[in-house]
Amino acid sequence: MAEETRRAFVCGHPIAHSRSPLIHGYWLDQLGIAGSYERIDVAPNDFPDFLAGIGRNGFAGGNITLPHKEAALRAVKRRDAAAEAVGAVNTVWFDPDGVLCGGNTDAYGFAANLDDQAPQWAKGRRAVVLGAGGAARAVIHALKQGGYGDIRLVNRTLQRAGELVAHFGTAVSAHEWDDVSGLLGDADLLVNTTSLGMKGAPELDIGLDPLPSHAVIADIVYVPLETAFLKAAKARGLATAEGLGMLLHQAVPGFERWFGRRPVVSSSLRKHVIADVEKPG
Ligand code: ATR
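About the thresholds
- Residues numbered from 1 in each chain as written.
- Predicted model: local features only at pLDDT ≥ 70, side-chain atom pairs only at ≥ 80, totals over all residues.
- Heavy atoms only, no water.
- Helix = DSSP H or I, 4+ residues; strand = E, 2+ residues; numbered from the N terminus.
- Phe/Tyr/Trp six-rings, centres within 6.5 Å; stacked < 30°, edge-to-face > 60°.
- Buried < 20%, exposed > 50% of the residue type's maximum accessible area, 1.4 Å probe, protein only.
- Pairing = 2+ DSSP bridges.
- Axes fitted to C-alpha atoms, helices over the stretch in contact; angles between N-to-C directions.

J.: Could you give an account of unusual backbone geometry, with specific residues and numbers?
T.: Most peptide bonds take the trans configuration, and most residues that are not glycine carry a negative phi. Across the junction of histidine 13 and proline 14, the peptide omega takes the value 5 degrees, indicating a cis bond. One can find proline 14 in the loop between strand E1 (6–12) and helix H1 (20–31).

J.: An account of the packing of aromatic side chains is needed here, citing residue identities and associated values.
T.: Summed over the entire model, instances satisfying the criterion amount to eight aromatic pairs. Both rings, one in phenylalanine 110 and one in tryptophan 121, keep their centres 6.5 Å apart while their planes meet at 75 degrees; by these two values the pair is edge-to-face. Pair noted here: phenylalanine 110 is in helix H5 (residues 106–117) and tryptophan 121 is in the loop between H5 and strand E7 (126–130), with a separation of eleven residues, a long-range link. Accessibility expressed as a relative area gives 3% for phenylalanine 110, which makes it buried. Linked through ring pairs, Trp27, Tyr37, Phe255, Trp258 and Phe259 together constitute an aromatic cluster.

J.: Account for the sheet that holds E7, with residues named and values stated.
T.: Note: strands within a sheet are paired through backbone hydrogen bonds, in either parallel or antiparallel orientation. Taken in spatial order, the six strands make up an open sheet running E9-E8-E7-E10-E11-E12, and their pairing is parallel. Two strands lie at the open edges of the sheet, namely strand E9 (172–176) and strand E12 (239–241), each paired on one side alone. Neighbour-to-neighbour, the strand axes of this sheet turn through a mean angle of 20 degrees, independent of strand direction. The pairing of strand E10 (residues 189–192) with strand E11 (residues 216–219) spans four bridges and is classified as parallel. Looking at E11, one finds that asparagine 192 is bridged to aspartate 219.

Any functional reading would require information beyond the geometric quantities listed.
Rendered as structure tokens:
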């Protein structure tokens, strides 16, 4: 009898830039699974109908990206703890009763990448986080889960950092961008969640001298693969974790839910995705 072909998707608007099909397509090939992972452009007005119809259209689930992550949080029937905490859903699936569930795998991806690239992060308790957007929410949730009790949030717009303090509670404090230097002296971890350093954006220029020598530096930017911020950290001899690993690890739980096998973030997957990241254009 022919094996059932399982289908999953990534939906966003726009969606052409998404590297998720490259990652899931690689795992489908490598594991020999009869499945597909499709890129679907859905305009915001059409999103509720799209999500309501995925089961009917033969999908086991999928990834949700900008600008639909908050709408997905509202639309699913069940949410995991990370989606509640982060305030966004990036992965949907059906439970055994056919109920549409939503989760957020970004915090998992962030922590799993640090476990891989700089495992000493887990011993830390004090972090400085640059930025206060959606990515910062996932990072803060991961840090709280990892036992960090002093998370200093630094953002150009102080009010946005204050909103995250109100959301996440007393483990988090809000600080002005110009005060960052004074927050680094006893930090175990410094994370960039802003778009600074991304191809086409201005560089992130933070003096790393005040950091202790055991500090870990993480950047969520992955184009370029090695940002100037990470280069400067390496030049100072600090342990680093780059953004590509977070992207790869956050894809693992969704694949397992849709296709029933837990995939591995291997060096050959990294090479496969790096070849695309480094393609000119
Ligand atoms: P995401 O959901 O990917 O985190 P976002 O919500 O647009 O994206 O957040 C981007 C982050 O980068 C914000 O913290 C933003 O600071 P503001 O809240 O002040 O906008 C930060 N950011 C973007 N450009 C910046 C710049 N030139 N200088 C400092 N911070 C910047």
